[in-house]
Amino acid sequence: MGSGERPLSEVRFLTVAEVAAVMRVSKMTVYRLVHSGELPAIRVGRSFRVPEQAVHDYLRDAFIEAG
């Protein structure tokens, strides 16, 4: 494991709907971020799961770029 990485058992995954609620955007926006590679996600069957920390990192980086 690299520095700052958490054991997989401690990673919390969010659904696309949960990510959309946290970010206050539509589910389609989340799908676009996932498909473009801007927001990392894993595929579980036909669904995507996004690591919660990835959402926080994305929002932090977007806030820094905007500021």
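Quick caveat, the model's predicted, so the values are computed rather than measured.

A closer look at the packing of helix H1 (residues 16-23) against helix H3 (residues 52-66)
Right, on to step 1. Following both chains from N to C, one finds H1 and H3 inclined at 30°, their axes separated by 11 Å at the closest point. Our pair here, H1 against H3, has a crossing hand that is right-handed. In this structure, H1 contributes Val19, Val22 and Met23 to the contact, and H3 contributes Val55, Tyr58 and Leu59.
Right, on to step 2. Taken together, the residues that form the contact of H1 with H3 break down as six nonpolar, no polar and no charged.

Comments concerning unusual backbone geometry
Right, on to step 1. Positive phi is not limited to glycine here, since Arg24 has a value of about 60°.
Right, on to step 2. Relative to the helices and strands, Arg24 is located in the loop between H1 and helix H2 (27-36).
Right, on to step 3. Arg24 sits in the exposed class, given a relative accessible area of 78%.

Thoughts on the environment of Ala66
Right, on to step 1. Following the sequence through the fold, Ala66 ends up in helix H3.
Right, on to step 2. Its relative accessible area of 68% is what places Ala66 among the exposed residues.

Some thoughts on the sheet that holds strand E3 (residues 47-51)
Right, on to step 1. With respect to topology, three strands assemble into an open sheet ordered E1-E3-E2, the strand pairing being antiparallel. For this open sheet the edge positions go to strand E1 (13-15) and strand E2 (42-44), each flanked by a neighbour on one side alone. Within this sheet the neighbouring strands show an average axis-to-axis angle of 45°, counted without direction.
Right, on to step 2. Pairing of E2 with E3 involves three bridges; the strand directions are antiparallel. If you follow Val44 over to E3, its bridge partner there is Ser47.
Right, on to step 3. The strands that H1 touches are E1 and E3; relative to E1, the one it contacts most, it runs at about 90°.
Right, on to step 4. Seen against the sheet, H3 touches E1 and E3 and runs at an angle of roughly 65° to E3.

About the thresholds
- Residues numbered from 1 in each chain as written.
- Predicted model: local features only at pLDDT ≥ 70, side-chain atom pairs only at ≥ 80, totals over all residues.
- Heavy atoms only, no water.
- Axes fitted to C-alpha atoms, helices over the stretch in contact; angles between N-to-C directions.
- Helix = DSSP H or I, 4+ residues; strand = E, 2+ residues; numbered from the N terminus.
- Left-handed = near helix turned anticlockwise from the far one by under 90°.
- Contact = heavy atoms within 4.5 Å.
- Nonpolar A, V, L, I, M, F, W, Y, C, P; charged D, E, K, R; others polar.
- Buried < 20%, exposed > 50% of the residue type's maximum accessible area, 1.4 Å probe, protein only.
- Pairing = 2+ DSSP bridges.

Nothing here speaks to function; it is geometry throughout.
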